[in-house]
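Below, each chain spelled out in residue letters.
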Amino acid sequence: MKSDLSVANNTAIVKKLASDYGFSFCGISKAEFLESEAGKLEEWLKRGFQGKMSYLENHFDKRLDPTKLVPGAKSVVSLIYNYFPPEDENQRPDSYKIARYAYGKDYHFIIKDKLKLFFEELSEAIGEIDGRAFVDSAPVMERSWAEKSGIGWIGKNSLLLNRSLGSYFFLAELIIDLELTPDGPIKNYCGTCTACMEACPTDAIPESGVVDGSRCISYLTIELKDDIPDEFSGKMNDWMFGCDICQEVCPWNRFAQPHKEESFIPNEFIKNASKKEWEEITQDIFSEVFRKSAVKRTKYSGLKRNIEFIKKEKNKAT
């Protein structure tokens, strides 16, 4: 059992390193079974809100218990990394839209590299520790851990909201066998606001804090490998990869601050391409433009499918 002084000292080291590596916020939770989330997750899956994302049905126990991911884990360190763009490419009417998180290089690699160095420096500072780093890449309920750690609260659109930054940020975690001082959760500041629920064109937010993934534009344009169902015709609002509508209308994003991460700056094609250029994009150009991008997930065929679906709905309207 570590002394209170050493636990406090180690906690201070973790928080300082988080800041040194460019994370805007760092919160700590005790690594334990997420009992309050078990029923919610089971109900969400029962309602079929995962759509065809069958991988979300796997590793139920691991999603809820961090000690099954890291045996002997004592703490979950939750981190926020800002991606709000200095210039908004989605404001150009003559272009299709990409979710802001995918403007630049794939965040998985950028943040994972930072976490690797973070972990190494932490081990140097306090001695050998065991643990793993996660960036949206394993069965970790990152928003639940982030809320538990007090770096934000889960909004009605199911995203984590932070009073200083809004919601345009990535979440990452270190699950480690190091005892640290946990932070407590904070109040939910959504109040009676339902802007995100009302703005969603596909009615993907049926109730507060619950998203029907199978109706979300992000799911339809990225995760869904089949044809986009006709019921969503006329509702895509030019989004060809992901969607930010529920974030755009959120009052807390008035406080979003431009990021300082060079890797997240979009390339010239993303900055300047017209709808016509997107419609005529070739496999070679796609491979070059999105060589190190999260957009690769939808593949060339997926992006073309999304653009064709949007074009088809526009043609029906005219």
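What counts and what doesn't
Residues numbered from 1 in each chain as written. Predicted model: local features only at pLDDT ≥ 70, side-chain atom pairs only at ≥ 80, totals over all residues. Heavy atoms only, no water. Helix = DSSP H or I, 4+ residues; strand = E, 2+ residues; numbered from the N terminus. Rg over C-alpha atoms; globule rule 2.2 N^0.38 Å. Contact = heavy atoms within 4.5 Å. Salt bridge = Lys/Arg side-chain N within 4 Å of Asp/Glu carboxyl O. Buried < 20%, exposed > 50% of the residue type's maximum accessible area, 1.4 Å probe, protein only. Domains from an automatic or database assignment. Buried area = accessible area lost by both parts, 1.4 Å probe. Polar contact = N/O pair within 3.5 Å; in protein donor to acceptor, adjacent residues only side chain to side chain. Nonpolar A, V, L, I, M, F, W, Y, C, P; charged D, E, K, R; others polar.

## Things to note about the overall build of the chain
Argument step 1. The helix and strand inventory of the chain stands at 12 helices and 8 strands.
Argument step 2. Against the compact-globule benchmark of 20 Å for 318 residues, the chain has a radius of gyration of 20 Å, which places it among compact chains.
Argument step 3. If you line up the chain on its principal axes, its C-alpha atoms span 70 × 40 × 35 Å.
Argument step 4. In the chain, 75% of the contacts between residues at least 6 apart in sequence involve partners at least 24 apart.

## Points about the pattern of salt bridges
Pairs can form between side chains of opposite charge whenever their charged atoms are close.
Argument step 1. Per the stated rule, a full pass over the model turns up 17 salt bridges.
Argument step 2. A salt bridge links lysine 15 to aspartate 183; the nearest nitrogen and oxygen atoms lie 3.1 Å apart. Of the two residues, lysine 15 sits in helix α1 (residues 4-20) while aspartate 183 sits in the loop between β7 (169-176) and α6 (195-199), which places them 168 residues apart along the sequence.
Argument step 3. Among the salt bridges present, the one from lysine 311 reaches glutamate 308, with a minimum N-O distance of 3.8 Å. With a gap of 3 residues between them, lysine 311 and glutamate 308 both fall in helix α12 (residues 299-317), about one helical turn apart.
Argument step 4. Overall, lysine 311 belongs to the partly exposed group, its relative accessible area being 26%.
Argument step 5. Judged by relative accessible area, glutamate 308 falls into the partly exposed class, the value being 39%.
Argument step 6. Ionic contacts of the salt-bridge type, sharing partners, join the residues Arg100, Asp244 and Glu248 into one network.

## A few points about unusual backbone geometry
Argument step 1. Even without glycine at this site, asparagine 237 takes up a positive phi of about 50°.
Argument step 2. When you line up the elements, asparagine 237 lands in the loop between α7 (217-223) and β8 (239-241).
Argument step 3. Positive phi is not limited to glycine here, since lysine 299 has a value of about 65°.
Argument step 4. With respect to the element layout, lysine 299 can be found in helix α12.

## Let's talk about the domain arrangement of the chain
Argument step 1. As far as domains go, the chain holds domain 1 (1-176) and domain 2 (194-254 + 267-317).
Argument step 2. A straight line from the C-alpha centre of domain 1 to that of domain 2 covers 24 Å.
Argument step 3. In this complex, domain 1 contributes 39 residues to the contact, which on the side of domain 2 involves 49 residues.
Argument step 4. Here domain 1 packs against domain 2, burying approximately 3700 Å² in sum over the two surfaces, 56% of which is carbon and sulfur.
Argument step 5. Three residues stand out in domain 1 for area buried against domain 2, namely Tyr96, Lys97 and Lys156, and they jointly supply 23% of the buried area on that side.
Argument step 6. Between arginine 47 and glutamate 207 there is a salt bridge, and its shortest N-O distance comes to 3.0 Å.
Argument step 7. Linking domain 1 to domain 2 there are 20 residue pairs in polar contact (both at pLDDT 80 or more).
Argument step 8. Residues that form the side of domain 1 that touches domain 2 fall into these classes: 17 nonpolar, 11 polar and 11 charged.

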